[in-house]
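Working through the structure, step by step
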Amino acid sequence: MGNSIEFKLFAPYNNQAKLIGSFSEGQEIAMEKDDKGYFRSFVDLKDGIYEYKFRIQSKSWSLPSDEWVDINDPYVKEIDIKSKNGIVRIKDGAKVVDSYVWKHDDKPLPSDSELIIYEMHVEDFSGGKGDESKKGTYQDIIDKLDYLSDLGINAIELMPVGECPGDDYSWGYTPSLFFAPNPRYGSTEDLKRLIDECHGRGIRIILDQLYNHCSEDNPLFQIDRDYWFYHDRHHPEDEYYWGPEFNYDGYDENLNICPAKEFMGDVVRYWIQEYHIDGIRYDALKQMDNFPFLEWLTSEAKKTAGDKPFYNIGEHVPEKPDIVAPNGPIDASWHDSFHNFIVSELCTNTFDLEKIEEVLDPRRQGYPVGVSKVINYLSNHDQNRLIRDFGNCGVFDKLAFQRIELGATILMTAPGVPMIWMGQEFGEYTSRKPNEKNALHWSLLDNEANRNLFDVYKNLIALRKQHHHALLMSDIEFFHENTDSHVLAYVRWNNEGSRVVVVANFSGNYFGDYVVPNFPENGTWHEWKDNYDVNVENNELSIDLPEFTAKVFVWQ
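What comes next is a walk through the structure. Bear in mind the structure is a predicted one, so any value in this text is a computation, not a measurement.

Rules used in this analysis
Residues numbered from 1 in each chain as written. Predicted model: local features only at pLDDT ≥ 70, side-chain atom pairs only at ≥ 80, totals over all residues. Heavy atoms only, no water. Pairing = 2+ DSSP bridges. Helix = DSSP H or I, 4+ residues; strand = E, 2+ residues; numbered from the N terminus. Axes fitted to C-alpha atoms, helices over the stretch in contact; angles between N-to-C directions. Contact = heavy atoms within 4.5 Å. Core = buried A, V, L, I, M, F, W, Y, C linked by side-chain atoms within 4.5 Å. Buried < 20%, exposed > 50% of the residue type's maximum accessible area, 1.4 Å probe, protein only. Parallel < 35°, antiparallel > 145°, perpendicular 65-115°, else oblique. Left-handed = near helix turned anticlockwise from the far one by under 90°.

**Some thoughts on the sheet that holds strand β10 (residues 117–120)**
As summarised here, the arrangement of the 8 strands in space is β10-β11-β12-β13-β14-β15-β16-β17, forming a closed barrel in which the pairing is parallel. The sheet shows a mean angle of 30 degrees between the axes of neighbouring strands, taken without regard to direction. Pairing geometry for β10 and strand β17 (residues 417–421), over 3 bridges, is parallel. Looking at the pairing, Glu-119 lines up with Trp-421 of β17. Packed onto the sheet, helix α12 (residues 397–413) meets β16 (374–377) and β17 and runs at close to 145 degrees relative to β17.

In structure tokens form, the structure reads like this:
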């Protein structure tokens, strides 16, 4: 005989539910309902691995009345990759997720303001150099952590890794299960090993997660649609309908609970406790449109994380600075206008000075003071590769790389936390195809231009880390604005005397002996990118300033 293992399913207004599993050879096991809305059953199980599902009479109006449906446990922690059945593991007479032992929980991790974030999709990022057909797994990412450490990355933002419908490639933005990782990428232990190995290198892990909606394969949708979801908030034919949307205001007077809210609280706490994640990127906040719930959820996340740094990042398109703390519910917002205006400027060369300065100083847009309040990027998974953006506006080859380097310099020296979309650092050119595999072309690093771009990013990240006293402050002053020549200069500083100056030429013209007046300090400055010293006298700097180039000067 084994130990008595409990199986339970919360379905307060459903009439009947049954348990089926490999331990019963597919035969139904009766479940009894308690006064709290839980169906329960106890099964004697020896240590081992078992598959199981629930069979329940649905209350969803989208199905025939009281139709019996087979569903996974909404709280299932693991899914079999072939059968798509839930898995329960029994060890020492109790349920366990796995047997992974954490090794690097004691390692210090960077603060939010110090982060250099690298956004990646597991399947498209990984794979060996020159072998883009290789299937991406967590282990493949572990194999390339030395590469990311060499680049200077100290945070990875993983696109959703939760279980989704179907067996094919997916970006993960219509989850079917909220506790079970996608088995295509590896086991639960593999995911923990990736996170642990990152922590050992001082790299934080931020998970991109979905709390607005889910797929119609989600078991809660099958159990009782209107209990957890809005009845008709968005129609399936609407532009922004991605699946049924959770109703976080829904309240059950009989049980005195808000069921959707409680469920998602369990989700957030689970990922922090079980997988030791260091932050969450919250998708589609405009669609969620529920700040009180979000404030509660992010508070639960920080409370669960305890003393370790935890970063709550929101995506709200169009931007809404009010969502950012201290007055809003989250720590930082994706800064989409940074991408829009900087990339547009690099493509069109219109030199809209007011817009450029606005996105370089997010306080002008209403964001609160603090360098960690916005996440800046030149591109992300929702946008074209920079190479393609420039190709679409007739800029190719060397000229394109020149503008990418200028954009990278602005990204790494502007107030805000910089984020790199995987492959951006070496000029990846894949097209944006959300439902098709787009593996990175690692062999590009054999090309001189691509490798040089990698070195530029590496050098700029080192600048940000070594001169963080200036670059991690909110202060920025635009001390030279030449609208005729399309040249802009700004300084970043702190009160202890650390200063970094950027002189950017947004034009297609080469300027020899260009004079930058009102320079912040006389004396010797070091140009970081090309590694030479210059002397400033009478608060004037004279330099050669090539087209679409930024020079970076560090106070000696």
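Still more to cover.
**A few points about the nonpolar core**
Residues Phe-7, Tyr-118, Ile-156, Leu-158, Tyr-211, Met-264 and Leu-360 are the most contacted members of the largest nonpolar core, which totals 146 residues. No other element matches the 9 residues that helix α6 (residues 259–275) contributes to this core. Every residue in contact with Leu-360, bar those within four places of it in the chain, is listed here: Phe-338, Ile-410, Ala-414, Pro-415, Ile-476, Phe-478, Leu-488 and Tyr-490. Formed by 17 residues, the second largest nonpolar core is a distinct cluster that contains Phe-479, Val-487, Leu-541 and Ile-543.

**Some points on helix α5 (residues 219–228)**
Where burial is concerned, most of α5 is hidden: 9 out of the 10 residues are buried. Those residues of α5 that sit buried are Pro-219, Leu-220, Phe-221, Gln-222, Ile-223, Asp-224, Arg-225, Tyr-227 and Trp-228. Each element contacted by the buried residues of α5 is listed here: β1 (3–10), β6 (48–57), β7 (68–71) and α6.

**Quick look at the packing of α6 against helix α8 (residues 291–305)**
Interhelical geometry of α6 versus α8 gives an angle of 30 degrees and a closest axis separation of 9 Å. By the angle class used here, α6 and α8 are roughly parallel. The hand of the α6/α8 crossing is right-handed. Counted together, Lys-261, Met-264, Gly-265, Val-268, Arg-269, Ile-272 and Gln-273 of α6 and Phe-293, Trp-296, Leu-297, Glu-300, Ala-301, Thr-304 and Ala-305 of α8 form the full contact between these two elements.

**Regarding the sheet that holds strand β4 (residues 32–33)**
The strand order β1-β5-β4 describes an open sheet built from 3 strands, whose pairing is antiparallel. The open sheet has two free edges, formed respectively by β1 and β4, since each of these has just one partner strand. Of the pairings in the sheet, the one linking β1 to strand β5 (residues 38–45) comprises 8 bridges and is antiparallel in character. The partner of Asn-3 across the bridge, within β5, is Leu-45.

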